[in-house]
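Each chain, letter by letter, is given below.
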Amino acid sequence: MTAHVLADTSVLVGRSMRHITRSMDTIITVTITPIAMMLMFVYVLGGAIQAGAGRYVDYLLPGILLITIASGIAYTAVRLFNDMTSGIFERFHSMPIARSSVLWAHVLTSLVSNGLSVAIVVLVALVMGFRSPAGLLAWLAVAGILALVTLALTWLAVLAALAAKTAEGATAFSYPLIFLPFISSAFVPTDTMPGPVRAFAENQPVTSIVNTIRALLAGEPVSGDIWIALAWCVGILAVAYVLSMVAYRRRIAS
Amino acid sequence: MTTIADPPPAIHVKDLEKSYKDLQVLRGVDFDVAPGAIFALLGSNGAGKTTIVRILSTLLRADAGTATVNGFDLSTRPTDVRESISLTGQFAAVDEILTGRENLVLVARLRHLPNPGAVADDLLARFNLTDAAARRVSGYSGGMRRRLDIAMSLIGSPRVVFLDEPTTGLDPQARNDMWQIVRDLADDGTTVLLTTQYLEEAEKLADRIAILHEGRIIANGTLAEIKQLVPPVEVTYVEKQASLEDVFLAIVGTNTTKEQS
């Protein structure tokens, strides 16, 4: 049976990718909010924000990309939740296919669709004047970190979908994630914030991730932030994955 | 009762028990189904019919008892069981966003069949869905959905087919179509276990009928044997329904295979 895991997973990824290409409005919904925020911060608020010497769009883009991913994974949760409640999950489970491929197909689809959304937002940023001196290696590192963030948050979405009773409940977890970049170094430097807020901002995952991506895109050497960022991502990924597996087993074995 | 000594039973269930927390749903269920037979599990809502089907199709684990499907033990060889069966649940398990043909190709590929496209086209023709093949399922009528659902279940020619309340919510024409599909399956040698809460359905279709009540099989036999247990009042009621149905079918036309979306 395990010989079929890859084949089954790719068939199921093909299926859920069709869901995405047939409702491109979800991609638009996912990208429109971050793009609107980017426009507002750059052209309305940006003039008054002191965030260093460079272009503000360069400063702001990493945080906007994280917001894009945070709103994208809400749809991953919805797709998984709909599958579980529609009976198609039971059909798959009563068929001789690797059960793990059913979940992994959603996870891989989430990676692809979020990659697509992130690419669209980067294109819009380029139109708005975003420029980066980063070389290929730095861009690959940025892509790798964003993929890791997506993977970690996707398993969080899987957990939410498995635990949820309603589709609204399955997406509710993403709201705080979308809000988290605002209390970080994503939009303004943290040293302007009052003590307790600053302490929170500097010690939550978004700041280290944003700082790392910002340094990579600026062609600057990355600080120790990259290790903190990676530790956060791997930690969230591990916890969310284990809890998801527990929830999944409970759900299919009851 | 009938002896089924020669061929081993397609489904064998012994002392099956299942509880959800404090609620005991199955309290020791026994029955056998001979290969190629149509076996109807009759019971009211909440009697435990769906629980039995979910256990036999490996979606649920029994608390106690043994069961084999197509000769494979459920607890030790679930993968072989899944190779042998198909499940059609109470609600159509179809992908709304895909087209009818894509749904069939999807299942054919997951069953690792050599020519998924040809399998799909063949089933589309057989289930009268060729015209709707390229349309998304979200635009299908209830009857079309149900036919697609069954068609998906038959991919790979499973030896044992579970149908959980296959006609609940269908109009009379779609229901008659479904009955014909079940008869065709049995004619081809497939074993069919169906659950129903309609006496008439069991009467028209099944070779054997078992009545499930409060977690136990309280009667198991042929139609003639079972009929003696049913109070006559209930029989009259059923016949009245049937006559209204006759009128309905006469007015709307009895061409049961034609389907409009």
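Before any of the text, the structure's been laid out above.
Report on the accompanying structure. (Residues numbered from 1 in each chain as written. Chains lettered and ligands numbered in written order. Predicted model: local features only at pLDDT ≥ 70, side-chain atom pairs only at ≥ 80, totals over all residues. Heavy atoms only, no water.)

1. Digging into the sheet that holds strand β2 (residues 23-33) of chain B
All names here are of chain B.
Argument step 1. What the four strands build is an open sheet, ordered β2-β1-β4-β5; its pairing is antiparallel. Edge positions in the sheet fall to β2 and β5 (72-73), since each has one partner strand and no second.
Argument step 2. Pairing of strand β1 (residues 11-20) with β2 involves eight bridges; the strand directions are antiparallel. Within β2, the residue paired with Ile11 across the bridge is Val33.
Argument step 3. Strands in contact with helix α1 (residues 49-56) are β1, β2 and β4 (64-69); relative to β2, the strand with the most contacts, it is inclined by about 65°. (Pairing = 2+ DSSP bridges. Helix = DSSP H or I, 4+ residues; strand = E, 2+ residues; numbered from the N terminus. Contact = heavy atoms within 4.5 Å. Axes fitted to C-alpha atoms, helices over the stretch in contact; angles between N-to-C directions.)

2. So, the sheet that holds strand β3 (residues 38-42) of chain B
Residues and elements named next belong to chain B.
Argument step 1. Taken in spatial order, the six strands line up as β6-β7-β8-β3-β9-β10 in an open sheet, and their pairing is mixed. The open sheet is flanked by β6 (85-88) and β10 (216-221), the only strands paired with a single partner. Taking the axes of each pair of neighbouring strands and ignoring which way they run, one obtains an average angle of 15° across the sheet.
Argument step 2. Bridge analysis of strand β9 (residues 208-213) against β10 gives five bridges, and the strand direction is antiparallel.

3. Some points on the layout of surface pockets
Argument step 1. In this structure, the second largest pocket occupies an estimated 630 Å³ of space.
Argument step 2. Looking at the second largest pocket, it is lined by 27 residues, and the ones nearest its centre are Arg99 of chain A together with Thr58, Arg61, Pro78 and Arg82 of chain B.
Argument step 3. In terms of residue count, the dominant contributor to the lining of the second largest pocket is helix α11 (residues 225-253) of chain A (five residues).
Argument step 4. The residue makeup of the lining of the second largest pocket, split by class, is 15 nonpolar, six polar and six charged. (1 Å grid on protein atoms, 1.4 Å probe; cavity = no way out; pocket = protein on both sides within 12 Å on 5 of 7 lines; lining within 4 Å. Points joined across faces, edges and corners; volume = space filled by probe spheres on them. Nonpolar A, V, L, I, M, F, W, Y, C, P; charged D, E, K, R; others polar.)

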